[in-house]
Structures are given as C-alpha cells and as structure tokens.
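Understanding the architecture of this molecule
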Amino acid sequence: MAKVIVIYFSKTGNTKKMAELVGEGVKNEGLEVALQSVDQATPEDLLNADGIIIGSPTYFGTMAAPVKELLDKSVKYFGKLNGKVGAAFSTSGILGGGNETTVLDILKAFLIHGMIIQGETAGGHYGPVAIGAPDDTCRQECLALGKRVAALVKKLFS
C-alpha cells in the first residue's frame, strides 16, 4: 500500500493541528499515513514514503531550523526522492509574516530532490497557511491538501 508521511514542527500546537488535518485528508483517501514531529523524523523516513508533506511555522520568513536541518540532512539521499510526491503548509503569527515564502522554501527543496509538486487552483495555491490557529477555511484546505496528495500518490504508486 502506498504511504504518505506528514512531518511537522510545532511549538504552539497550531502547525500540529494542521498536520493532523492533512493526515486525516490522506487517511480519508484510504492510504497509510504516518504523522511525525520533525524531532522524531529522520532522512530515512523520507525514503520509506511515496508522498512527503512537511509543515512548519514561519521564522524570519522561512521554515523553522529543525525542518531545515531535516532537509539539509536529506542531501545524503540526493536523487533517491526523485518522483515522490511533495507538499507543504505553514503557520505564522501575523498576516504578511512569510507563510508563502516558508511553503515555497520547503517546496524548492523537494523540487531539487526531483519530487513532484501539484499546485492548487483555489485557496492557498502553494499549500495551506494559517495565521495563528487554523480557522474553518484553513481546516478545509488542509483536508483538501491531504486528499490531493493521496490522489496523486495513488495514481503514481498504486
């Protein structure tokens, strides 16, 4: 069975809430999903998944250091993530806090690994973002992201 891993870093719990919703969206599509805090995740975990979704709060306009560290360590598997499906989401404390740049920075790392990224025509085009706790719109976007990644993973790996 195809597998998706949702990795997140969260100090306040907001990014974790989004990760849980994204994971629920994947699970609702019938795929195996693993939800892991970034401090529990290893680069090897990325090898064992067909889809990789990473969420991070926005710190200084980019991903949190533990997320960046995981992606930096993944370089030892450069070329081995080629063709896997990737997606990202983020939280911040204020509007204009850098959510989109955070998501794009994660997606850039995935693209350098040769991963497949699917955009969204409605809502957060790059991936769901929240200002503080996820509101109803964000919750729906998180579920939809999980569903969209799961559908693409099924097409490619089932």
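All values reported here derive from a predicted model rather than from experimental measurement.

**What to know about the pattern of salt bridges**
All chains considered together, the criterion is met by seven salt bridges. Across the pair aspartate 105 and lysine 108 runs a salt bridge whose closest N-O atoms are separated by 3.1 Å. One end of the pair, aspartate 105, and the other, lysine 108, are both in helix H4 (residues 99-112), three residues apart, so they sit about a helical turn from each other.

**Some details on the nonpolar core**
In this structure, Ile7, Ile52, Ile54, Val67, Leu71, Ile106 and Phe110 are the most contacted members of the largest nonpolar core, which totals 23 residues. Of all elements in the fold, only strand E1 (3-8), strand E3 (51-59), helix H3 (65-73) and H4 reach the threshold of two or more residues within this core. Looking at which element gives the most residues to this core, the answer is H4, with five residues. In this structure, isoleucine 52 is in contact with Ile5, Leu46, Leu81, Lys84, Val85, Gly86, Ala87, Phe110 and Met115, ignoring residues within four places of it in sequence. Listed in part, the 22 residues of the second largest apolar core include Val4, Ala19, Val22 and Cys138.

**Remarks on the environment of glycine 132**
In this structure, glycine 132 sits in the loop between strand E7 (129-131) and helix H5 (136-157). Through-space distance from the C-alpha of glycine 132 to that of leucine 145 is 19 Å; in sequence the pair is 13 residues apart. With near-sequence residues (within four places) excluded, glycine 132 lies in contact with Asn14, Thr91 and Ser92.

The rules behind the values
Residues numbered from 1 in each chain as written. Predicted model: local features only at pLDDT ≥ 70, side-chain atom pairs only at ≥ 80, totals over all residues. Heavy atoms only, no water. Salt bridge = Lys/Arg side-chain N within 4 Å of Asp/Glu carboxyl O. Helix = DSSP H or I, 4+ residues; strand = E, 2+ residues; numbered from the N terminus. Core = buried A, V, L, I, M, F, W, Y, C linked by side-chain atoms within 4.5 Å. Buried < 20%, exposed > 50% of the residue type's maximum accessible area, 1.4 Å probe, protein only. Contact = heavy atoms within 4.5 Å.

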